[in-house]
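Here are the chains, one letter per residue:
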Amino acid sequence: MKKAFFTALAIFWLAACSQPDGAPSLSEEDGAGPANNQSLSGDSNLFNSLKNPNSQKLVYHVGPVDLLAGESGELTLENAESLNFQVSEPVWVTGFNPKVIDADGRELSGQLLHKAILFNKSEPNPVCATGNGGNPFAAATSALTKVELPEGFGYPLLPDDPLEAKVVFQNKSEQDFLSVMFEFDLETVPMEQAQAYSDVKAVLLDPDPCEHKPLTLEPGEFIETNKTFTIPEGGHLMVANGVLSNYGVAVSLTHSEGGDVSVIPFWRAEAQLNADHQIVDLTPNPFLDPEGKKINEGDKMTLGISFDNFSNSWNNEATGGAMIYLAPENPS
């Protein structure tokens, strides 16, 4: 795999000029709806149907890389391509749209992406007491699910926040793909032009919340695994984005209030697989509650993920989790 380099352009309508590495492309809000291959929970009108006229998209690229046929290597974050970046002004992030593209900007199959995670290194990871790599605030796998927060909510980013994108590419096909890039759009609203926005906290629930290492599946093995997290701060759960790799079956979230124990998920997204057991969709995903599902401080949230390794080979690449966005009870 050719070593990635990172490109970015600042675009104002049709005029363009080069920017330093880690700078985004900047485009005016085009009002585009969710990607056609995504399934969103609830009525799409509940998303930012009345867009803030000051909204803008910041577009970043990781790559390009050359992906030879059947070349994947070890699909872990230790072997990820990375991009360090920052925003130029305080913004509310209201949406995240991942893509895989070629050098001409044409969209490619999501099967060329194994995992991508965006980290805010100025924030501690609330579910990892020993981690110092920052807090994940967006994630994607091959399903390339677009995420939008309900109107009036945003994830805050400041210019002095050091940000990093880690991207793990893969190519299981019999075709070479050259100059492949991971593109991610951050839909944002400048804070100085936003009124009455409420912040959300981002938390990645992962079986390995510190290093995000994949699970290992024996040949022909079906597994269901659960991990329970204590919610350190009360609030309202607005959105949950399930992330699941190939051979995944489902991802779910179960909420237990106080000392109560619950085994019935309030949300479960099931994978649709093709003949090669690759995920082509995850539905319903993401979970959305515009009013916010009430979560109290100290409540338990259980992540459930399941995989079915239909193959006769070991699978060391099983990745699953849920990226949740929680509006705090007492916003800062």
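Residues numbered from 1 in each chain as written. Predicted model: local features only at pLDDT ≥ 70, side-chain atom pairs only at ≥ 80, totals over all residues. Heavy atoms only, no water.

### Looking at the overall build of the protein
Each helix and strand in the protein was counted, giving zero helices and 24 strands. Among the 332 residues that make up the protein, the fraction classed as buried is 54%. Within the protein, contacts between residues separated by at least 24 positions form 82% of all contacts whose residues are at least 6 apart in sequence. By element, 49% of the accessible surface of the protein is carried by carbon and sulfur atoms, the whole surface being about 14800 Å². (Helix = DSSP H or I, 4+ residues; strand = E, 2+ residues; numbered from the N terminus. Buried < 20%, exposed > 50% of the residue type's maximum accessible area, 1.4 Å probe, protein only. Contact = heavy atoms within 4.5 Å. Areas by Shrake-Rupley, 256 points an atom, 1.4 Å probe, with all protein chains shown as cover.)

### As for the pattern of salt bridges
Close approach of charged atoms allows side chains of opposite charge to pair. Within this structure, the stated rule accounts for ten salt bridges. With a closest N to O distance of 3.8 Å, E183 and K99 form a salt bridge. In this pair, E183 is assigned in strand β12 (residues 177-190) and K99 in strand β6 (residues 91-101), connecting sequence segments 84 residues apart. A salt bridge links E148 to K146; its shortest N-O distance comes to 3.2 Å. When sorted by exposure, E148 lands in the same class as K146, which is buried. (Salt bridge = Lys/Arg side-chain N within 4 Å of Asp/Glu carboxyl O.)

### Here's the deal with the sheet that holds strand β22 (residues 300-308)
Spatially, five strands are ordered β16-β22-β18-β19-β20 in an open sheet, and the strand pairing comes out antiparallel. This sheet does not close on itself; its edge strands, each paired only once, are β16 (222-230) and β20 (279-283). Geometrically, the sheet is characterised by an average inter-axis angle of 15° between neighbouring strands, direction not taken into account. Inspection of the sheet shows strand β18 (residues 248-256) paired to β22 by eight bridges, in the antiparallel sense. (Pairing = 2+ DSSP bridges. Axes fitted to C-alpha atoms, helices over the stretch in contact; angles between N-to-C directions.)

### Considering the nonpolar core
Residues F85, F137, L157, F184, L186 and Y325 are the most contacted members of the largest nonpolar core, which totals 51 residues. For L186, the contacting residues outside a window of four places in its chain are Q56, K57, L58, Y60, F85, V93, G95, F96, L118 and L157. (Core = buried A, V, L, I, M, F, W, Y, C linked by side-chain atoms within 4.5 Å.)

### Here we look at the sheet that holds strand β24 (residues 320-328)
Here four strands make up an open sheet; going across it, the order is β14-β24-β17-β21 and the pairing antiparallel. For this open sheet the edge positions go to β14 (201-205) and β21 (287-295), each flanked by a neighbour on one side alone. Within the sheet, the average angular offset between the axes of one strand and its neighbour, ignoring direction, is 30°. In terms of strand pairing, β14 meets β24 through five bridges, oriented antiparallel. When the sheet's bridge partners are listed, V203 is paired in β24 with I324.

### Description of the state of the cysteines
Scanning all chains against the criterion turns up one disulfide. Paired through a disulfide, C128 and C210 show a sulfur-sulfur distance of 2.0 Å. Judged by the sign of its S-S torsion, about 115°, the cystine formed by C128 and C210 is right-handed. Of this pair, C128 sits in the loop between β7 (113-120) and β8 (135-140) while C210 sits in the loop between β14 and β15 (215-217); the two residues are 82 residues apart in sequence, bridging distant segments of the chain. (Disulfide = S-S within 2.5 Å.)

### What to know about the environment of V243
If you trace the backbone, V243 turns up in strand β17 (residues 235-244). Expressed as a C-alpha distance, the spacing of V243 and D206, which sit 37 residues apart in the sequence, is 9.5 Å. The residues contacting V243, other than those within four sequence positions of it, are A139, A140, T141, T319, G320, G321 and A322.

### Structural notes on the confidence of the model for the protein
Note: predicted coordinates in regions of low pLDDT should not be interpreted at a detailed level. Looking at the protein, pLDDT values average 85 and 84% of them are 70 or higher. Low pLDDT (under 50) marks residues 1-20, which in the prediction has 49 contacts with non-local residues, meaning those over four places away or in another chain. Below a pLDDT of 50 lies the segment residues 28-50, which in the model reaches 47 contacts outside its immediate sequence neighbourhood of four places, other chains included. (pLDDT = per-residue confidence, 0-100.)

### Some points on the packing of aromatic side chains
As enumerated under the stated definition, the model contains eight aromatic pairs in all. Site record: aromatic cluster; members linked through ring pairs are Y60, F85, F182 and F184. The aromatic ring of F119 is capped on one face by K166, whose charged end is 5.7 Å from the ring centroid. Of note, K227 hangs over the ring of F229, and the distance from its end group to the ring centre comes to 5.9 Å. (Phe/Tyr/Trp six-rings, centres within 6.5 Å; stacked < 30°, edge-to-face > 60°. Lys NZ or Arg CZ within 6 Å of the ring centre and 35° of its normal.)

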